[in-house]
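Here's the letter readout for the chains.
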Amino acid sequence: MSINILEFINNVSVRTFLAGETIFREKDASNGMMYFVFTGALEIRKSYDGEERVIRKLEPGAFFGEIALINNVPRAATVRVITEKSKIGILDQDMFYRIGQTNPKFFSILLNTTIQRLVSVEEEIAKIGSGLTINPVRKAD
């Protein structure tokens, strides 16, 4: 789906982050906010086997943090600015639900994008898993 979700966002607070700044870290408690990239670029980093890896880059029009906003669960990854600066729109939970009530297509696009991300993560896990050797469990004699 190639619709820009920013078309639905009119009244959000905007904050400028500088290169290297972290928006939030993996396992941080949810702050009830989701975010939209207006300018600049970000990277999403996740820990695997004690090593932090870049799993995706975000550019203008992208959003992130929606799952923690909806479910109030800890953040699933770290988000860091990788350009000189980045303007980020911040949407709180009340405004999130107001937008969804006045424009249900907003939720539809959000859900579709979130599902696509989950499928992509599952595919990456499958690639990683196919390279692993599993030692069979031996029965005791």
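Calculation rules
- Residues numbered from 1 in each chain as written.
- Predicted model: local features only at pLDDT ≥ 70, side-chain atom pairs only at ≥ 80, totals over all residues.
- Heavy atoms only, no water.
- Helix = DSSP H or I, 4+ residues; strand = E, 2+ residues; numbered from the N terminus.
- Buried < 20%, exposed > 50% of the residue type's maximum accessible area, 1.4 Å probe, protein only.
- Contact = heavy atoms within 4.5 Å.
- Areas by Shrake-Rupley, 256 points an atom, 1.4 Å probe, with all protein chains shown as cover.
- Core = buried A, V, L, I, M, F, W, Y, C linked by side-chain atoms within 4.5 Å.

- Looking up the protein in an unreviewed UniProt entry gives the name Cyclic nucleotide-binding domain-containing protein, with the organism given as Leptospira semungkisensis.

**Some details on the overall build of the protein**
Move 1: Each helix and strand counted, the protein has 3 helices and 8 strands in total.
Move 2: Along its sequence from the N terminus, the protein presents helices and strands in the succession β-β-β-β-β-β-α-β-β-α-α.
Move 3: Counting across all 141 residues of the protein, residues that qualify as buried make up 34%.
Move 4: Within the protein, residue pairs in contact and separated by at least 24 positions form 78% of the contacts whose partners lie at least 6 positions apart.
Move 5: For the protein, the exposed area adds up to about 9200 Å²; of that, 52% sits on carbon and sulfur atoms.

**Section: the nonpolar core**
Move 1: Ranked by size, the top nonpolar core spans 15 residues in total, and within it Ile 23, Leu 42, Phe 64 and Ile 88 carry the most contacts.
Move 2: Excluding residues that lie within four positions of it along the chain, Ile 23 makes contacts with Phe 17, Tyr 35, Phe 64, Val 79, Val 81 and Ile 88.
Move 3: With 10 residues, the next largest nonpolar core counts Met 34, Leu 69, Ile 99 and Phe 106 among its residues.

**With respect to unusual backbone geometry**
In most cases, non-glycine residues show a negative phi, while peptide bonds are predominantly trans.
Move 1: Unusually for a residue other than glycine, Lys 27 sits at a positive phi of about 80 degrees.
Move 2: With respect to the element layout, Lys 27 can be found in the loop between β2 (22-24) and β3 (33-37).
Move 3: Since its relative accessible area comes to 67%, Lys 27 is described here as exposed.
Move 4: A positive phi is found at Asp 49, a non-glycine position, where the angle reads about 50 degrees.
Move 5: Examined against the element boundaries, Asp 49 turns out to sit in the loop between β4 (42-48) and β5 (51-58).

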